[in-house]
Amino acid sequence: MTGPVVPFREIVLKVHSRCDLACDHCYIYEAPDQSWRTRPKAISDEAISWTARRLAEHAEKHVLPSVSVILHGGEPLLAGPARLRRVCEELTAALDGVAELDLRIHTNGLQLSPRYLDLFDEFNVRVGISLDGDKAANDRHRRFADGRTSHPLVLRAVELLQSERYRHLFLGLLCTIDVANDPVAVHDALIALDPPRIDYLLPHATWDAPPARPGGSPTEYAEWILKVFDRWEEQGRPVPVRLFESVLSTLNGGPSLTESLGLAPTDLVVVETDGTLEQVDSLKSAYDGAAATGFDVFRHSFDEVAAHPGVRVRQLGLAGVGPECQGCPVVRSCGGGLYTHRYRSANETAGRDAFDGPSVYCEDLEALVRGIETRTAARLVPATLTDPGELLAAEHELTRTLLARLHADLASTPTATASAPRCCRAWGSPRPTSGADTWARPGGCSRPLCRATRPPRPPR
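Residues numbered from 1 in each chain as written. Predicted model: local features only at pLDDT ≥ 70, side-chain atom pairs only at ≥ 80, totals over all residues. Heavy atoms only, no water.

Draft legend 1. Structural detail: the overall build of the chain. A count of helical and extended segments in the chain gives 17 helices and nine strands. With 460 residues in all, the chain has 54% of them scored as buried. Across the chain, contacts joining residues at least 24 apart in sequence account for 71% of those joining residues at least 6 apart. Only carbon and sulfur atoms are counted for the fraction: they give 53% of the accessible area of the chain, which is about 19700 Å². (Helix = DSSP H or I, 4+ residues; strand = E, 2+ residues; numbered from the N terminus. Buried < 20%, exposed > 50% of the residue type's maximum accessible area, 1.4 Å probe, protein only. Contact = heavy atoms within 4.5 Å. Areas by Shrake-Rupley, 256 points an atom, 1.4 Å probe, with all protein chains shown as cover.)

Encoded structure:
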């Protein structure tokens, strides 16, 4: 694949590889990839330092205005306050003067306490909590190994985050969908907690291990989600719901707001507790080793991972989805679905890539997009984004999408010399005349923006 790499703007950093729950729908412990068993429980000082160094190098090279680091697991709070402090300190120091650092943590909340939140307040680490709805819904999967409920402990964590002292750290709730649960009861239980945002997530599944459909309908997940959408509309859209706002945005010609939908190129990399660099974590649901790259933070740069074929194929926009999807009228909203959900081993026997095809949720995604479109057809104005961070994310997503299309167009140009003026004109920029942004000789463009996929340098 030709053209500049798309730089990573989001790093998932595994700080602990074990968990204190035994969720039977977990894509880490219940997936075909069981590599967690051979990895250290907690990330080492060396891996932390090298990750911070590699990220700073990457941000500086691509002049990134900001980068996000999501502390993840397993259950990241099991790493303990001292280890998490080391992570925050190293990343903050490395990115100081290079790029703005957006720190987040995704947790089940069981260990959350003021000692953690005071640390997060010091480093502005925002907290996302996993909760699958009311007690009955949450207890269906999210239990301790001995079968005990985790629901009261999660509610306690949310209550702590809702206190005046820590409310500014509350990122939102993540809910994995189970169509056996009552959609309205699930949604109402989450809304009652007054979160700043809700993310509804399809359970990870593939054509080899398809999602449960107890009702037998090929659009059972869309029907469930649309009932939530109707309830959300009836309530007056009291909080942002990323899935709905993403579909509404793309239906109005805007960018996707979630990795699971839309055609924007991927810009995420995972760092495991042993320093291994991997592709998006959900690929563990496909087969053993699906997320592997062969790289690690000790010996390799993030640019080397960004050039990996498995990463590049998810940076091609419309050209990166299967032929069945390319002509579909809803593809710019669904984006072919999450890459992981397209996996079908039988494709390989037919001479195709295992991910070269529609999502196992294809019919659901089409029904969902069309259902929201039908319900909102009379509204001709774009969906309103209420969170400044969401607006910034939308701007970055749109930039990445435009750059992916630009690079695809330039790839067909015979020479760099011929393409240089076109790439500058695509940005509406005049020819630079001095300084670092001078034209290469003869006639080629040496502008940093034309040499790498990145936004303009922010003002100092």
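Moving on from the model shown.
Draft legend 2. Focus on the sheet that holds strand β8 (residues 276-278). What the nine strands build is an open sheet, ordered β6-β5-β4-β3-β2-β1-β7-β8-β9; its pairing is mixed. The outermost strands of the open sheet, each flanked by one partner alone, are β6 (198-201) and β9 (292-296). Adjacent strand axes in the sheet meet at a mean angle of 25 degrees when their direction is disregarded. Two strands pair when backbone bridges link them, and strand β3 (residues 100-107) and strand β4 (residues 125-130) are joined in this way by five bridges, in the parallel orientation. What sits directly across from Thr107, in β4, is Ile129. Running at roughly 150 degrees to β4, helix α5 (residues 151-162) makes contact with β4 and β5 (170-176) of the sheet. (Pairing = 2+ DSSP bridges. Axes fitted to C-alpha atoms, helices over the stretch in contact; angles between N-to-C directions.)

Draft legend 3. How the structure looks around the pairing of β5. Counting buried residues in β5 gives six out of seven residues, a clear majority hidden from the surface. The sheet contact formed by β4 and β5 spans four bridges and is parallel. When the sheet's bridge partners are listed, Gly128 is paired in β5 with Gly172. Here β5 pairs with β6 via four bridges, running parallel. Directly across from Leu173, in β6, lies its bridge partner Ile198. In this region the chain leaves β5, passes through helix α6 (residues 183-191) and returns to the parallel neighbour β6; the handedness of that crossover is right-handed. (Right-handed = clockwise from strand over helix to strand, strands pointing away.)

Draft legend 4. Spotlight on the nonpolar core. The biggest cluster of nonpolar side chains holds 93 residues, and the ones touching the most others in it are Leu13, Leu84, Leu112, Phe120, Ile129, Tyr200 and Phe244. With eight residues, helix α7 (residues 220-234) is the single largest residue contributor to this core. (Core = buried A, V, L, I, M, F, W, Y, C linked by side-chain atoms within 4.5 Å.)

Draft legend 5. Focus on unusual backbone geometry. With an omega of 20 degrees, the peptide bond between Gly73 and Gly74 qualifies as cis. Here Gly74 is to be found in the loop between β2 (66-72) and α2 (80-95). One non-glycine residue, Asn124, lies in the positive phi region at around 55 degrees. With respect to the helices and strands, the residue Asn124 is situated in the loop between α3 (114-123) and β4. Accessibility expressed as a relative area gives 46% for Asn124, which makes it partly exposed. A positive phi is found at Arg237, a non-glycine position, where the angle reads about 50 degrees. Mapped onto the elements, Arg237 comes out in the loop between α7 and α8 (242-251).

Draft legend 6. Molecular detail of the packing of aromatic side chains. On inspection of all chains with the given rule, the structure shows 12 aromatic pairs. Aromatic side chains Tyr29 and Trp36 sit 4.7 Å apart centroid to centroid with 85 degrees between the ring planes, which places their arrangement in the edge-to-face category. Residue Tyr29 shares its accessibility class with Trp36, and that shared class is buried. The structure contains a cluster of three or more aromatic residues connected by ring pairs, namely Tyr200, Trp224, Phe229, Trp232 and Phe244. (Phe/Tyr/Trp six-rings, centres within 6.5 Å; stacked < 30°, edge-to-face > 60°.)

Draft legend 7. Here's a closer look at the confidence of the model for the chain. Confidence along the chain averages 85 in pLDDT terms, with 82% of residues attaining 70 or more. Taken as a whole, residues 411-460 scores under 50 in pLDDT and shows 76 contacts with residues more than four places along the chain or in a different chain. (pLDDT = per-residue confidence, 0-100.)

Draft legend 8. Spatial organisation of the side chain of Thr219. Position of Thr219 among the secondary structure elements: in the loop between β6 and α7. Residue Thr219 is classed as buried on the basis of its relative accessible area of 17%. Within the structure, the side chain of Thr219 is placed 2.7 Å from the side chain of Glu223, a separation counted as a polar contact. Ignoring any residue separated from it by four or fewer positions in sequence, one finds Thr219 in contact with Arg213, Glu363, Asp364 and Ala367. (Polar contact = N/O pair within 3.5 Å; in protein donor to acceptor, adjacent residues only side chain to side chain.)

Draft legend 9. Expanded view of α3. For α3, the full list of buried residues reads Tyr116, Leu117, Leu119, Phe120 and Phe123. Down the axis of α3, the sector holding all buried residues measures 155 degrees, keeping them to one side. Where the residues of α3 are buried, they touch α2, β3, β4 and α5. In the stretch just after α3, Asn124 is the one whose phi turns positive, near 55 degrees. (Arc of directions from axis to C-beta.)

Draft legend 10. How the structure looks around α7. In this model α7 runs 21 Å from its N-terminal to its C-terminal C-alpha over 15 residues, within 8% of the 21 Å that 1.5 Å per residue would give. Within α7 the residues assigned to the buried category are Glu220, Tyr221, Ala222, Trp224, Ile225, Leu226, Val228, Phe229 and Trp232. Lining the buried residues of α7 we find α6, β6, α8 and α14 (362-375). In the stretch just after α7, Gly236 is the one whose phi turns positive, near 85 degrees. (Expected span 1.5 Å × (residues − 1).)

Draft legend 11. Representation of the side chain of His72 in the model. Counting through the fold element by element, His72 comes out in strand β2. Take His72: its relative accessible area is 16%, and that puts it in the buried class. Beyond its immediate chain neighbours, meaning those up to four positions away, His72 contacts Val12, Leu13, Lys14, Val15, His16, Tyr27 and His106.

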